[in-house]
Amino acid sequence: MAISLQKGQKVSLEKVAPGLKAAFIGLGWDVNLTDTGEDFDLDASAFMLNSSEKLLSEEHFIFYNNLTDPQESVKLMGDNRTGEGSGDDEVIIIELRKVPEEVMRIVITITIHEADKRKQNFGQVTNAFVRIVDVETKEEVLRYDLGEDYSIETALIMAELYRKDGQWRINAVGEGYQGGLQALLDRYQ
Ligand SMILES: [Ca+2]
Ligand SMILES: [Ca+2]
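Here we summarise the structure given alongside this text. (Residues numbered from 1 in each chain as written. Chains lettered and ligands numbered in written order. Predicted model: local features only at pLDDT ≥ 70, side-chain atom pairs only at ≥ 80, totals over all residues. Heavy atoms only, no water.)

1. What about the overall build of the chain?
Counted only if it meets this: Secondary structure counts use DSSP, requiring at least four H or I residues in a row for a helix and at least two E residues in a row for a strand, with both numbered from the N terminus. Put simply, the radius of gyration uses C-alpha atoms, and a globule should come to 2.2 Å times the residue count raised to 0.38. Categorising residues by exposure relies on relative accessible area from a 1.4 Å probe, with only protein chains included: less than 20% of the type maximum marks a residue as buried, more than 50% marks it as exposed, and the intermediate range marks it as partly exposed. In what follows, a contact means two residues having at least one pair of non-hydrogen atoms within 4.5 Å. Shrake-Rupley sampling with a 1.4 Å probe provides the accessible areas, and residues are treated as covered by the protein chains on show and by no other component.
On a plain count of helices and strands, the chain comes out with three helices and 13 strands. What you see for the chain is a C-alpha radius of gyration of 16 Å, in line with the 16 Å of a compact globule of 189 residues. C-alpha atoms of the chain, sized along the principal axes, occupy 50 × 35 × 25 Å. Here the chain holds 189 residues, and the buried ones make up 48% of them. Relative to all contacts within the chain whose residues are 6 or more apart in sequence, the contacts with residues 24 or more apart total 70%. As displayed, the chain has an accessible area near 9300 Å², and 45% of this comes from carbon and sulfur atoms.

2. Section: the coordination of the calcium ion (ligand 2)
Rule in force here: Metal donors were taken as nitrogen, oxygen and sulfur atoms no farther than 2.8 Å from the ion, or 3.2 Å where the ion is Na, K or Ca. Water is excluded, so coordination may look unfinished. Geometry is assigned from donor-metal-donor angles: four donors are tetrahedral when every angle falls between 85 and 135 degrees, four are square planar and six octahedral when opposite donors sit over 155 degrees apart with all other angles between 65 and 115, and any other arrangement is irregular.
Coordination of the calcium ion (ligand 2) by the protein is provided by Trp-29 (O), Asp-30 (OD), Gly-83 (O), Gly-85 (O), Asp-89 (OD) and Asp-89 (OD), with metal-donor distances spanning 2.2 to 3.1 Å. Geometry at the calcium ion (ligand 2) is irregular, judged from its six donor atoms and the angles of 45 to 163° they form at the metal. Every donor residue of the calcium ion (ligand 2) comes from the same chain, spaced as W-D-x52-G-x1-G-x3-D.

3. A closer look at the coordination of the calcium ion (ligand 1)
For the calcium ion (ligand 1), the full set of protein donor atoms is Asp-41 (OD), Leu-42 (O), Asp-43 (OD), Asp-79 (OD), Asn-80 (O) and Glu-90 (OE), at a range of 2.2 to 2.4 Å. The coordination sphere of the calcium ion (ligand 1) comprises six donor atoms, whose angles at the metal cover 79 to 165°; the geometry is irregular.

4. Focus: the packing of aromatic side chains
Short version of the rule: Aromatic rings from Phe, Tyr and Trp, with only the six-membered ring used for Trp, were paired whenever their centres fell within 6.5 Å, and each pair was classed as stacked if the ring planes differed by under 30 degrees, edge-to-face if by over 60, and tilted otherwise. The criterion is that NZ of a Lys, or CZ of an Arg, lies within 6 Å of the ring centre and within 35 degrees of the ring normal, and then a charge sits over that ring.
All told, the structure shown has four aromatic pairs when counted by the stated rule. Between Phe-47 and Phe-61, the aromatic rings sit 4.9 Å apart at their centres with planes inclined by 20°, giving stacked as the arrangement. Here Phe-61 lies in strand β5 (residues 61-62) and Phe-47 lies in strand β4 (residues 42-49), a separation of 14 residues in the sequence. Since its relative accessible area comes to 6%, Phe-61 is described here as buried. Ring centres of Phe-61 and Phe-63 lie 4.3 Å apart, and the angle between their planes is 5°; on these two criteria the pair is classed as stacked. Given the relative accessible area of 16%, Phe-63 is considered buried. Ring-pair connections join several aromatic residues into one group, and the members of that group are Phe-47, Phe-61, Phe-63, Tyr-64 and Tyr-188. Taking NZ or CZ as reference, Arg-143 lies 4.3 Å from the ring centre of Phe-129, over its face.

5. Points about the pattern of salt bridges
Cut-off, in case you're wondering: Here, a salt bridge means any side-chain nitrogen of Lys or Arg that lies within 4 Å of a carboxyl oxygen of Asp or Glu.
Taken as a whole and assessed by the stated rule, the structure comprises eleven salt bridges. Taking the shortest distance from any N to any O, the salt bridge between Glu-53 and Arg-105 comes out at 3.4 Å. With Glu-53 in the loop between β4 and β5 and Arg-105 in strand β8 (residues 105-112), the pair connects residues that are 52 residues apart, well separated along the chain. Arg-118 serves as the salt-bridge partner of Glu-114, at 3.4 Å between the closest nitrogen and oxygen.

6. Regarding the nonpolar core
Spelled out, the test is: The criterion is simple. A nonpolar core is a set of buried Ala, Val, Leu, Ile, Met, Phe, Trp, Tyr and Cys residues joined through side-chain atoms within 4.5 Å.
By size, the foremost hydrophobic cluster in this structure holds 44 residues, and its most contacted members are Ile-25, Leu-27, Ile-92, Ile-94, Ile-106 and Leu-161. Apart from the residues lying within four places of it in its own chain, the contact partners of Ile-106 are Ala-46, Phe-47, Val-74, Ile-94, Val-99, Ala-159, Glu-160, Leu-161 and Trp-168. Of all hydrophobic cores here, the second largest spans 13 residues; its members include Phe-47, Leu-49, Val-107 and Leu-185.

Here it is, written out as structure tokens:
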């Protein structure tokens, strides 16, 4: 049975999934019916950060125009444009043992494509979640369902994987920001 995380909760992946080699990170959301008249496209991204919480290089910013890093340790598996359906809408796969040693933290985010132009925000998004599945056993090991306390934000940090004492841990962050993907990029560059 998967462990359900609360906002801000941190757990060791080694404890909940001993021997985990590859993590399938499923991200899902649904869009409230709105009459913005535009498509509503959310995008998952991953930022691979060094010990100063900056991107190791621009090639370690994984998004729809850069689907993997040079070591192919973090991979974004395609771009969903609508969020329709209840399962995973976008997926990131992390091969934990391939992640370069300098990468201390991997930040998993969801942002709204062209949010300002389309006048969209996370107040129009429901049922957002992030879950981790062990690629080998196909078992769901963790899940974090976000509450609906977001309104004007256009970027969400869903979770962070980070190294501590030689182990990977996860933090269910659940923090919203304005400024979309660019604001996150400015923060980590
Ligand atoms: Ca998308
Ligand atoms: Ca969905």
